[in-house]
Amino acid sequence: MQLNDLYRDVILDHNRRPRNFGPLERATASVEGSNPLCGDRLTLRLRLDDESIGDIRFEGEGCAISTASASLMTEAVKGKSRSEALALFARVHRLLTEDDASVDEALGKLAALSGVREFPARVKCASLCWHTLASALQASEPLHLPAVSTE
Amino acid sequence: MMNLSAGHPAAPAAPPTLSAAPAAIPTAARPAASGFDVDAVRRQFPLLARSVHGKPLAYLDNGASAQRPESVIRAVDDYERHHHSNIHRGVHTLSGEATQLYEDARDRVVGFLNARSRHEIVFVRGTTEAINLVAQSHARSTLRPGDEVLITHLEHHANIVPWQIVCDQTGATLVVVPIDQNGEVHAEQVEARMSSRTRILAMAHVSNALGTVLPVRRLVASARARGIVTLIDGAQAVPHIPVDVQALDCDFYAFSGHKLFAPTGIGVLYGREALLERMPPWQGGGDMILTVAFERTTYNGLPHKFEAGTPNISGAIGLGAALDYLQQLDLPTAHAHEHALLDYASSRLAAVPGLRIVGQARDKASLVSFIVAGIHPHDLGTILDQDGVAIRTGHHCAMPVMTFFGLPATARASFAFYNTFDEIDRLVAGVHRAKAMFA
């Protein structure tokens, strides 16, 4: 278990300069994610054009793992269909929680999250934004959802 | 006569060698030797000898829970091996032994707090249960709509939520005294909020999130002069400050065993006898009754009226052993050592660029809450853990304090007398390492 396996350069970079960070006009879904015990809090907003994610942005504050995970996620799912994004959520979930989950090229930069599973206390940080996304994509009224937590 | 001495063994003799000699570290900034033999004390706490991620453990999370000395571990072990039975019940030998060990532990608490009698010492699960007991028994049976319960802004959730619940139940109002930017509670501000409707003042002795020591003596005197019942949450105070409930003159004082080198699941509510007598039971069951009939049940006397069901017997015995341990320690010197650790940690951390200490009260107990610009406390906690340095990160069950300072969380290093200046150096080195990583 190595610290630089958790804090890879991609993670540190996305923590320093989170992509798709800020408010989103004309959002069709807005969901809060909150892990109050450790102080991670994010608001995820997205706009669905037909069945695909036309735009997605997030705001909030959190640790490097939760911030980078949200930043990487928004890059990965933008332009994807609802079902493609949910399939990616399932793969990332396995990557974070299953020791034998494979890291293939299709994951792209998201592979940087594979170090998190060696730090069980931090899995909830990386998975918060993904559960928040899944909640937004699966809801029938995605502007009035209860906050999501992974604690 | 049965021999119960094995239940309270003296502290073990120190082994001849320490596994790892302390590294040579510049000592210029450290206070002169205090005469406190911290190495000898550390040898009495077996857990402190372990390593974490291949590094010697530096346990700086004592505010969350302290480690146990060998004598406490042995007392619990001895009880489990030789004396366990249920208490206050059987005529057989074991029940008598267990009862005596349990009640002996209560007598040690009487001495530790300088209570007037054993009737004033109720064993509970911890500080949280003690406060809930007072809220649901004393407060619920006496508060009327419009009455006020006074607390401060720096309370632990355990000294907020029980009062919110009982205020909801009775129509009373919770009044919160503000803190200042240093994390201090000003006595005048508390007194200014004491009104003719104030019935209860509940406050921490020491803030778990900020380290602030509250002016409890003055505030208890002010409250008593107005007929206000006082409760002090002593969870963070008992390991660091001598407590004399008669000198404090408070009505209730609560603390947890596990922050005082005893097991988890045992704690103490001290209550003024006259008040406890008037209070209704808060839980019904065995041990708290004298007679039970379907028409009418009569309650047991103090303190058993508040101890329904089989209690945490081994925990109480462990607590008694912890108090014995503290008694044989030179406490004034131990506390002076803790203060030297606090001063050293505060000055070394304050010198780190970008680091801000949260909670700068003039009178502080032995903990430092801090944030580092650009590094979330959770990341700092993980990085320090890789160095074997254990600190707490998060909101410390004091979310209103975090909200006041506009922070989601802080990192907190909290010290016991067994901590060393070397461990603080490792904490500071870890902070520098995290800064380099996140730069």
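Bear in mind that the values here come from a model prediction, so they are computed numbers and not experimental data.

Reading the values: the criteria
Residues numbered from 1 in each chain as written. Chains lettered and ligands numbered in written order. Predicted model: local features only at pLDDT ≥ 70, side-chain atom pairs only at ≥ 80, totals over all residues. Domains from an automatic or database assignment. Contact = placed C-beta atoms within 7 Å. Helix = DSSP H or I, 4+ residues; strand = E, 2+ residues; numbered from the N terminus. Nonpolar A, V, L, I, M, F, W, Y, C, P; charged D, E, K, R; others polar. pLDDT = per-residue confidence, 0-100. Axes fitted to C-alpha atoms, helices over the stretch in contact; angles between N-to-C directions. Parallel < 35°, antiparallel > 145°, perpendicular 65-115°, else oblique. Left-handed = near helix turned anticlockwise from the far one by under 90°. Pairing = 2+ DSSP bridges. Buried ≥ 20, exposed ≤ 12 C-beta atoms within 10 Å, placed from the backbone.

(A) Quick peek at the domain arrangement of chain B. Residues and elements named next belong to chain B. Once the domains are mapped, chain B shows domain 1 (34-64 + 330-438) and domain 2 (73-327). Contacts between the two partners involve 22 residues from domain 1 and, on the opposite side, 22 residues from domain 2. Only helix H11 (331-350), strand S14 (367-372) and helix H13 (399-405) provide two or more residues apiece to the side of domain 1 that touches domain 2. In the side of domain 1 that touches domain 2, the residues fall into 12 nonpolar, 7 polar and 3 charged.

(B) Main features of the confidence of the model for chain A. Here chain A averages 92 in pLDDT, and 99% of its residues register 70 or above. The element-level mean pLDDT for chain A is lowest in helix H1 (residues 3-6) of chain A, coming to 89, with helix H3 (residues 64-77) of chain A highest at 97.

(C) Inspection of the packing of H3 of chain A against helix H5 (residues 123-138) of chain A at higher detail. Residues and elements named next belong to chain A. Contact geometry of H3 with H5 gives a least axis separation of 7 Å together with a crossing angle of 40 degrees. For the element pair H3 / H5, the angle class is oblique. Judged by the twist between their axes, the crossing of H3 over H5 is right-handed. Mapping the contact onto sequence places Ile 65, Ser 66, Ser 69, Ala 70, Met 73 and Val 77 in H3 and Cys 125, Ala 126, Leu 128, Cys 129, Trp 130 and Leu 133 in H5. Looking at side-chain class alone, the contact of H3 with H5 contains 10 nonpolar, 2 polar and no charged residues.

(D) Main features of the sheet that holds strand S13 (residues 355-358) of chain B. All names here are of chain B. If you trace the 4 strands from one edge of the open sheet to the other, you get S13-S14-S17-S16, paired in antiparallel fashion. Single-partner strands in this sheet number two, and they are S13 and strand S16 (392-394). Strand-to-strand twist in this sheet, taken as the mean axis angle between neighbours without regard to direction, amounts to 30 degrees. Alignment of S13 against S14, held across 4 bridges, turns out to be antiparallel. Paired with Val 358 across the bridge in S14 is Ser 369.

(E) Highlighting the pairing of strand S1 (residues 29-35) of chain A. All names here are of chain A. Counting buried positions over the 7 residues of S1 gives 5, a clear majority of the element. Pairing analysis gives 7 bridges linking S1 to strand S2 (residues 40-49), with the strands arranged antiparallel. Bridge pairing in S2 links Ser 30 to Arg 45. Counting the residues in the hairpin turn of S1 and S2 gives 4 residues, including Gly 39, whose phi is positive at 90 degrees.

(F) Looking closely at the environment of Asn 15 of chain A. Residues and elements named next belong to chain A. Along the polypeptide, Asn 15 turns up in helix H2 (residues 9-16). Looking at Asn 15, the number of C-beta atoms within 10 Å reads 24, which means it is buried. The contact partners of Asn 15, leaving out residues within four places of it in the chain, are Ala 64, Thr 67 and Ala 68.

(G) Fine view of the sheet that holds strand S7 (residues 198-204) of chain B. Residue and element names in this part refer to chain B. The mixed open sheet is built from 7 strands, whose spatial order is S4-S10-S9-S8-S7-S5-S6. Edge positions in the sheet fall to strand S4 (121-124) and strand S6 (173-177), since each of these pairs with one other strand and no more. Pairs of neighbouring strands in the sheet enclose a mean axial angle of 20 degrees, with direction left out of account. Across 5 bridges, strand S9 (residues 252-256) lies against strand S10 (residues 267-271) in antiparallel orientation. Along S10, the bridge assignment pairs Ala 254 with Leu 269.

(H) Seen up close, the packing of helix H2 (residues 70-83) of chain B against helix H10 (residues 313-328) of chain B. Residue and element names in this part refer to chain B. Interaxial distance between H2 and H10 falls to 8 Å at its minimum, and their mutual angle equals 145 degrees. Classified by chirality, the crossing of H10 by H2 is right-handed. Where H2 approaches H10, its residues Ser 71, Val 72, Ala 75, Val 76, Tyr 79 and Glu 80 are matched on the opposing element by Ser 314, Ile 317, Gly 318, Ala 321, Ala 322, Asp 324 and Tyr 325.

(I) Structural view of the environment of His 88 of chain B. Residues and elements named next belong to chain B. Note on placement: His 88 falls in the loop between H2 and helix H3 (93-113). Taking the C-beta count within 10 Å as the criterion, His 88 has 16 such neighbours and is therefore assigned partly exposed. Sequence separation between His 88 and Thr 382 is 294 residues; the distance between their C-alpha atoms is 47 Å. Apart from the residues lying within four places of it in its own chain, the contact partners of His 88 are Thr 99 and Asp 287.

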